[in-house]
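Structural overview
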Amino acid sequence: MPDRGQSRDFGPSGGGTVGSIVRPYGDTTGDGMVQTSFTLPVPAGPKAEGAALQLATKMGIEPAMVVHSHAIDAGYTFFVVYGSVKHLVDLDEVHVEERAYPLLSSAEVNGAIKERLHRELVVLGACIGTDAHTVGIDAILNVKGFAGEKGLEYYREINVVNLGAQVLVPDLVARARAEKADAILVSQVVTQKDAHLRNTRELAEAVRAASWPKPGRPLVVIGGPRFDVTATETLGVDRIFGKGTTPGEVASYLAHMLRTGWDR
């Protein structure tokens, strides 16, 4: 593994770790080796491999090697390219969404809901638009859960309504009103042509445009592997969860929002 933090003199084209500056690691510390894959609309053959090498060089991978290629359809070739880059990463300039709340046990989550609401917390879940991939939403909602954690159905103080796949936004908002939902959880896996972003913006706008019975607007929580978790303001939602999110993280977030009193 890279020997992080050692006092060594690395120039711009060399290096492993100096303070907050890092380089990719492949065979030896700081060698800058990376592996990337892509598809070109070119028939398989020597010209296709030459095109892949030209692209890799323009990407800053030099020298580059095509370590794998094969035709995936008439006129299309898939490549795996390996080589070294000279680019450096400054960790001080890396900004991510840090979790601002503690992870709670199911008993602590139930206690927070009971203390603040004196009733069940109503959570409405669905995949919207044409998205039929329910694995993500089911992993969070269903009692079987994910990664060794039971889903929100397991929590005594949470009432889960799972609408499943391909739910239209107007239907979801209408059902949320009827159920007096406290939170809407939506999973989006289909990302072609940024469908997940369009669907999310449509949902956020519809929720804010609707009139809600007391206590008011539900939280809008989105999850999926291709979301930028820092884009809550851009998309108009309250929280975005990325890949690998567990039911406990979502439940703890809901309890945290209850305890801090979200503006509904």
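Before any of the text, the structure's been laid out above.
Here goes a summary of the coordinates provided. Just so it is clear, the model here is predicted, and its values are computed rather than measured.

Counting 29 residues, the largest nonpolar core has Val-123, Leu-152, Leu-185 and Leu-254 as the members making the most contacts within it. In terms of residue count, helix H7 (residues 247–260) provides more of this core than any other element does, seven residues in total.

A sheet is described by the order of its strands in space; here five strands give the open sequence S8-S7-S9-S10-S11, paired in parallel fashion. Each edge of the open sheet is held by one strand with a lone partner, namely strand S8 (158–162) and strand S11 (239–241). Going from strand to strand, the sheet's axes swing by 20° on average, the running direction of each strand aside. Relative to strand S9 (residues 183–187), strand S7 (residues 121–126) runs parallel, the two sharing four bridges. Across the sheet, the residue bridging to Val-123 is Ala-183, located in S9.

Another aspect to go through is the sheet that holds strand S5 (residues 76–84). For sheets, the rule is that strands pair by backbone hydrogen bonds, running either parallel or antiparallel. Read across the open sheet, the three strands follow the order S3-S5-S4; overall the sheet is antiparallel. In the strand order of this sheet, the two ends are held by strand S3 (33–40) and strand S4 (64–73), each with one partner. This sheet shows a mean twist of 15° between the axes of neighbouring strands, independent of strand direction. Pairing of S4 with S5, which is carried by eight bridges, proceeds in the antiparallel orientation. Residue Asp-73 lies in a different strand from S5, and its bridge partner there is Tyr-76. Here helix H1 (residues 46–58) sits on the sheet and contacts S3, S4 and S5; the angle it forms with S4, its principal contact strand, is near 130°.

Analysis parameters
- Residues numbered from 1 in each chain as written.
- Predicted model: local features only at pLDDT ≥ 70, side-chain atom pairs only at ≥ 80, totals over all residues.
- Heavy atoms only, no water.
- Core = buried A, V, L, I, M, F, W, Y, C linked by side-chain atoms within 4.5 Å.
- Buried < 20%, exposed > 50% of the residue type's maximum accessible area, 1.4 Å probe, protein only.
- Helix = DSSP H or I, 4+ residues; strand = E, 2+ residues; numbered from the N terminus.
- Pairing = 2+ DSSP bridges.
- Axes fitted to C-alpha atoms, helices over the stretch in contact; angles between N-to-C directions.
- Contact = heavy atoms within 4.5 Å.

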